[in-house]
Number of protein chains: 2
Amino acid sequence: MSATIYDVAREAGVSMATVSRVMNDTAVVKEETKKRVLDAIAKLSYRPNAVARGLASKRTKTIGVIVPDVSAAFMAELVRGIEDIANMYHYHIILCNSDGQLDRERDLVGTMWEKQVDGLLFMSPKLRQEHIDTFEEAQLPIVLCRTDDPEKRIPSVNINNKQAAIDVVDYLAAKGCKSIAFVGAKAGLKSLTDERRAGFLQATERNAITSQLIDVPSETYSGALKFLKDALQTSPVRAIVAANDELAIAAEHVAQDLKLRIPEDVMIVGFDNTKLTEMSRPPLTTVAQSMYDYGAVAMRFLTKLLSDEPISTYTVVLPHQILERESTAPKFVK
Amino acid sequence: MSATIYDVAREAGVSMATVSRVMNDTAVVKEETKKRVLDAIAKLSYRPNAVARGLASKRTKTIGVIVPDVSAAFMAELVRGIEDIANMYHYHIILCNSDGQLDRERDLVGTMWEKQVDGLLFMSPKLRQEHIDTFEEAQLPIVLCRTDDPEKRIPSVNINNKQAAIDVVDYLAAKGCKSIAFVGAKAGLKSLTDERRAGFLQATERNAITSQLIDVPSETYSGALKFLKDALQTSPVRAIVAANDELAIAAEHVAQDLKLRIPEDVMIVGFDNTKLTEMSRPPLTTVAQSMYDYGAVAMRFLTKLLSDEPISTYTVVLPHQILERESTAPKFVK
DNA sequence: CTGTTAGCGCATTCAT
DNA sequence: ATGAATGCGCTAACAG
């Protein structure tokens, strides 16, 4: 398994160029010599050295994936989507965690350049001008995934978070909710949450619904419990829209601790449709977006950029839908 | 950002060798010329081409990570652990999913060789002889992570799953449980589960506890519900030990549907201490092992192998502990 | 302390 | 249809 192209050439009695040709199918080779080459490859268990190949061809067949944190609930599924499609197109991925820190993100883009990745899939809680500058420097094909670029300067794959939040409020309004709270990280930290909050505020106002904002320092289960409890104790609401599923489950538990019935006393809606949603009690109504598809579509988008396939739009908007479960719809007793 | 080492050399008025030396700190360079080189690097925004470097040095500073599925509950945390330590030692990771299929796994090891990774972190539900053969062919430094090699042929990091299960049974026995069920994938599919089941059986016998095995086709929440329900309806038990947290939560829900109180009527214990455990109701007692540490330790182990640091043992066994939560311990009413 | 030289293993002209 | 030659950008002897 460590023969070189020269060894194969010698074994087959041809030149290395011919070996390269049959491997890459880059020119017509006589059927008979092709067979000889293939036999030699098999006999020597030859495997082409991708690094040498990358240096010579200037294409490494690897793409860089920069995420805030793989261990976040939905991120793993998203990465799986990326990986599957990457594989389908014979790419491999180098995965990096940035923790959403600008310095680290910029550094990683540079490192990815060093690694000569063919393209980049980039995720970040909030896109800044510095990001754009860094991308420009790096001169790499880049697709943003699940990170909003308000000015649409970079190709991206997203859902319409604002509209999704509007849909949720309308859905709750149709159920008769007159006061709804939104729980999420405070404004300015996460674009996603900001978008969702904006939709929430717009729709509550339009529906003449009393709205309340519950800001939490970090969008995690344990970090949110206290803030939810304080908020729900002081001013009870009829429904809670959470910026993500983890917060929604925290809301469920706080409500239950306060002896509120879900959904009779308070309805709860999450975002993202992570696996948590069907494993919670009651199962959580949530805004579903296939995280897997998210990654898959972004990766597919990138392969198009890399092969100069025609692109219809540089701003892909994925569909979302409200998945109704028992946290907003009473279960029928059978 | 696409200057070469020659450009830097010219700019600094030195030879490329000197540039290489200051970059890699591989020989003493006069302070003044070093400064000139550094200035030139900065001026040209020079970044070394890692591919060329890899070809010349035969070390790519990247390691391959082969997992069954990143999107499995605990896997993402584990990968995060790997990535953090890899970064600390200036490595990058190429991540691949095998779905635990032998053919795919073998193929991936070959691909990793092509990519000239410096080493491999390998995870699989069940290690076979074919794996060993493949590893041998590839001639790569390999560390098994969370995958048992009964014959200790390959360096590995693991926990003692059998002992952990024994500990759990002893723990439940001390609480007076006289009949305990074990739920997990049927024998022969997953080494992890097999080990845990073996410990369960040994300890129940020693403690004269009535044991019951609940086999499920796949160790997932939804896939297990039916089997759990059937089992619990026909022969009620005092406690359930699940092969992982997801199954344990399924057990909680089935028990609750059968109007059983947890832990008063039935105690439930999971495995792995995933994030699910504290987000379930009641919070789940589980066998804790830091998934992050799992990956981190395995990666650290690999760096040792790669730098020929002395190794005390080739079979690292990580500690585990029972984390008691309310699924086995009634909550005090305050 | 620094420069020159020779590869690393392949893709890719340019000939033939 | 095939071979010979060149270079990708760097590391690593080997000189000096």
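For every chain, the first residue of its written sequence is number 1, and the numbers climb from 1 along that sequence. For this description, chains carry letters from A and ligands carry numbers from 1, given in the order in which they are written. Since the coordinates come from a predicted model, pLDDT governs what is reported: local features require at least 70, and pairs of side-chain atoms require 80 or more to be given and counted, while whole-chain, interface and lining totals use all residues. Side-chain metrics rest on all non-hydrogen atoms present in the structure, leaving aside hydrogens and water.

With an unreviewed UniProt entry as reference, chain A is termed Catabolite control protein A, source organism Sulfoacidibacillus thermotolerans.

1. Side note on the sheet that holds strand E11 (residues 315-318) of chain B
Strand pairing follows a simple DSSP-based rule, namely that at least 2 bridges must link the two strands. Only DSSP runs of H or I reaching four residues or more are called helices, and only runs of E reaching two or more are called strands; each is numbered from the N terminus. Here we have twelve strands laid out as an open sheet, ordered E11(A)-E5(A)-E4(A)-E3(A)-E1(A)-E2(A)-E2(B)-E1(B)-E3(B)-E4(B)-E5(B)-E11(B), and mixed in their pairing. With partners counted over all chains shown, the strands left at the sheet margins are strand E11 (315-318) of chain A together with E11 of chain B, one partner each. Across this sheet, the average inter-strand angle for adjacent strands is 25°, counted without regard to direction. With three bridges joining them, strand E3 (residues 119-122) of chain B and strand E4 (residues 142-145) of chain B adopt parallel strand pairing. Looking across to E4(B), one finds that Leu120(B) is bridged to Ile142(B). For helices, the fitted line uses only the C-alpha atoms of the stretch in contact; every axis is such a line through C-alpha atoms, and the angle between N-to-C directions lies from 0 to 180 degrees.

2. Comments concerning the environment of Ile166(B)
Residues and elements named next belong to chain B. Along the polypeptide, Ile166 turns up in helix H8 (residues 161-174). Once the C-alpha coordinates of Ile166 and His90 are considered, the two residues, 76 residues apart in sequence, prove to be 40 Å apart. Here a residue-residue contact requires only that any non-hydrogen atoms of the pair lie within 4.5 Å. Not counting residues up to four positions away in its chain, the partners in contact with Ile166 are Gly199, Gln202, Ala203 and Arg206.

3. Topic: the packing of aromatic side chains
Note on aromatic pairs: the rings of Phe, Tyr and Trp (six-membered ring only in Trp) are paired at centre separations within 6.5 Å, and the planes decide the class, stacked below 30 degrees, edge-to-face beyond 60, tilted for the rest. Taken as a whole and assessed by the stated rule, the structure comprises six aromatic pairs over all chains. On the numbers, 6.3 Å between centres and 50° between planes, the contact of Phe301(A) with Tyr314(A) is tilted. Residue Phe301(A) is found in helix H13 (residues 291-306), and its partner Tyr314(A) is found in the loop between H13 and E11; the two are separated by 13 residues along the sequence. Three labels apply to residues, based on accessible area from a 1.4 Å probe with only protein chains included: buried if under 20% of the type maximum, exposed if over 50%, partly exposed otherwise in between. A residue is classified by how much of its surface remains accessible, and Phe301(A), at 4% relative accessible area, is buried. Since its relative accessible area comes to 44%, Tyr314(A) is described here as partly exposed. Judged by centre distance (5.4 Å) and plane angle (40°), the ring pair of Phe182(B) and Phe200(B) falls under tilted. Taken together, the positions of Phe182(B) in strand E6 (residues 179-185) and Phe200(B) in helix H9 (residues 191-206) put the pair 18 residues apart, joining distant regions of the chain. Given a relative accessible area of 1%, Phe182(B) falls into the buried group.

4. With respect to the relation of the copies chain A and chain B
Copies of the same chain, two in number, are related to each other by a rotation about an axis and a translation along it. In the superposition of chain A on chain B (RMSD 0.1 Å, axial shift 0.0 Å), the rotation amounts to 180°. What we have between these two chains is a two-fold relation. Using C-alpha coordinates, one finds that chain A approaches the rotation axis most closely at Ile94(A), a distance of 2.3 Å. For the least-squares superposition of copies, only C-alpha atoms count, and only for residues with pLDDT at least 70 in both.

5. A short note on the interface of chain A and chain B
With 52 residues of chain A in contact, the opposing surface of chain B contributes 52 residues. Here a salt bridge means any side-chain nitrogen of Lys or Arg lying within 4 Å of a carboxyl oxygen belonging to Asp or Glu. Joining chain A to chain B, the criterion identifies eight salt bridges. Here Arg47(B) ties to Glu114(A) by a salt bridge, and the two come within 3.0 Å at their closest N and O atoms. Pairs of N or O atoms are called polar contacts if they sit within 3.5 Å, as long as, within protein, a hydrogen donor faces a hydrogen acceptor (for residues adjacent in sequence, only side-chain-to-side-chain pairs). If you look at where chain A meets chain B, you find 26 residue pairs in polar contact (both at pLDDT 80 or more). When residues are grouped by polarity, Ala, Val, Leu, Ile, Met, Phe, Trp, Tyr, Cys and Pro land in nonpolar, Asp, Glu, Lys and Arg in charged, and all others, Gly among them, in polar. Looking at the side of chain A that touches chain B residue by residue, the class counts come to 20 nonpolar, 15 polar and 17 charged.

6. Here we look at unusual backbone geometry
The linkage connecting Ile262(A) with the following residue, Pro263(A), adopts the cis geometry, with an omega of 5°. Here Pro263(A) lies in the loop between helix H11 (245-257) and strand E9 (267-272). Backbone torsion omega between Arg281(B) and Pro282(B) reads -10°, so that peptide bond is classified as cis. One non-glycine residue with positive phi stands out, namely His90(A), at about 60°. Unlike most non-glycine residues, Asp25(B) shows phi in positive territory, near 50°. The topology assignment puts Asp25(B) in the loop between helix H2 (16-24) and helix H3 (31-44).

7. A few points about the protein's contact with DNA strand D
Near residues are defined by distance, with any heavy atom within 4 Å of the molecule or strand qualifying the residue. Close to DNA strand D lie 28 residues, the nearest being Thr18(A), Arg21(A), Lys30(A), Ile5(B) and Tyr46(B). Within 4 Å of the protein, atoms of DNA strand D come from sugar and phosphate in 61% of cases. The side chain of Ser20(B) places a nitrogen or oxygen atom 2.8 Å from a phosphate oxygen of DNA strand D. For the surface near DNA strand D, the secondary-structure elements that each account for two or more residues are helix H2 (16-24) and helix H4 (50-57) of chain A together with helix H1 (5-12), H2 and helix H4 (50-57) of chain B. With five residues, H2(B) is the largest single contributor of residues to the surface near DNA strand D. Of the residues contributing to the surface near DNA strand D, the split by class is 14 nonpolar, nine polar and five charged.

8. Here we look at empty space enclosed by the protein
In this analysis a 1.4 Å probe is tested at points of a 1 Å grid over the protein atoms alone, and where it fits but cannot get out there is a cavity; an open set with protein on both sides within 12 Å along at least five of seven lines is a pocket; lining residues have an atom within 4 Å of a point. Grid points are joined across faces, edges and corners, and a volume is the space filled by probe spheres set on the points. Taken as a whole and assessed by the stated rule, the structure comprises three cavities of 30 Å³ or more. Size it by volume and the largest cavity reaches roughly 210 Å³. Lining the largest cavity we find 14 residues, and of these Val51(A), Thr62(A), Lys115(A), Val51(B) and Lys115(B) sit closest to its centre. Broken down by secondary-structure element, the contributors of at least two residues to the lining of the largest cavity are H4 of chain A together with H4 of chain B.

9. What about the packing of H4(A) against H4(B)?
Relative orientation of the contacting elements H4(A) and H4(B) amounts to 135°, with a least axis distance of 9 Å. With respect to H4(B), the element H4(A) is oriented oblique. Note that H4(A) runs across H4(B); the crossing there is left-handed. Contact residues: H4(A) offers Val51(A), Ala52(A), Gly54(A) and Leu55(A), while H4(B) offers Val51(B), Ala52(B), Gly54(B) and Leu55(B). Its residues assigned to classes, the contact of H4(A) with H4(B) shows six nonpolar, two polar and no charged. Orientation is classified from the angle alone, with under 35 degrees giving roughly parallel, over 145 giving roughly antiparallel, 65 to 115 giving roughly perpendicular, and any other angle giving oblique. In a left-handed crossing the near helix is turned counterclockwise from the far helix by less than a right angle, and in a right-handed crossing that turn is clockwise.

10. Considering the protein's contact with DNA strand C
Around DNA strand C lies a shell of 29 residues, among which Ile5(A), Ser20(A), Tyr46(A), Arg21(B) and Lys30(B) are the nearest. The protein-proximal atoms of DNA strand C, defined as those within 4 Å of the protein, are 60% sugar or phosphate. A distance of 2.8 Å separates a phosphate oxygen of DNA strand C from a polar side-chain atom of Ser20(A). Side-chain polar atom of Lys58(B) to a phosphate oxygen of DNA strand C: 3.0 Å apart, as the coordinates give it. With five residues, H2(A) is the single largest residue contributor to the surface near DNA strand C.

11. Concerning H2(A)
Because the α-helix completes a turn every 3.6 residues, residues three or four places apart line up on one side. Residues and elements named next belong to chain A. Regarding H2, the residues found buried are Thr18, Val19 and Val22. Each buried residue of H2 lies within a common arc of 100° when the element is viewed along its axis, so the set occupies one face. Elements in contact with the buried residues of H2: helix H1 (5-12) and helix H3 (31-43). Looking one or two residues past H2, Asp25 carries a phi angle of roughly 50°, positive in sign. Read the arc as the range of directions from the helix axis to the C-beta atoms.

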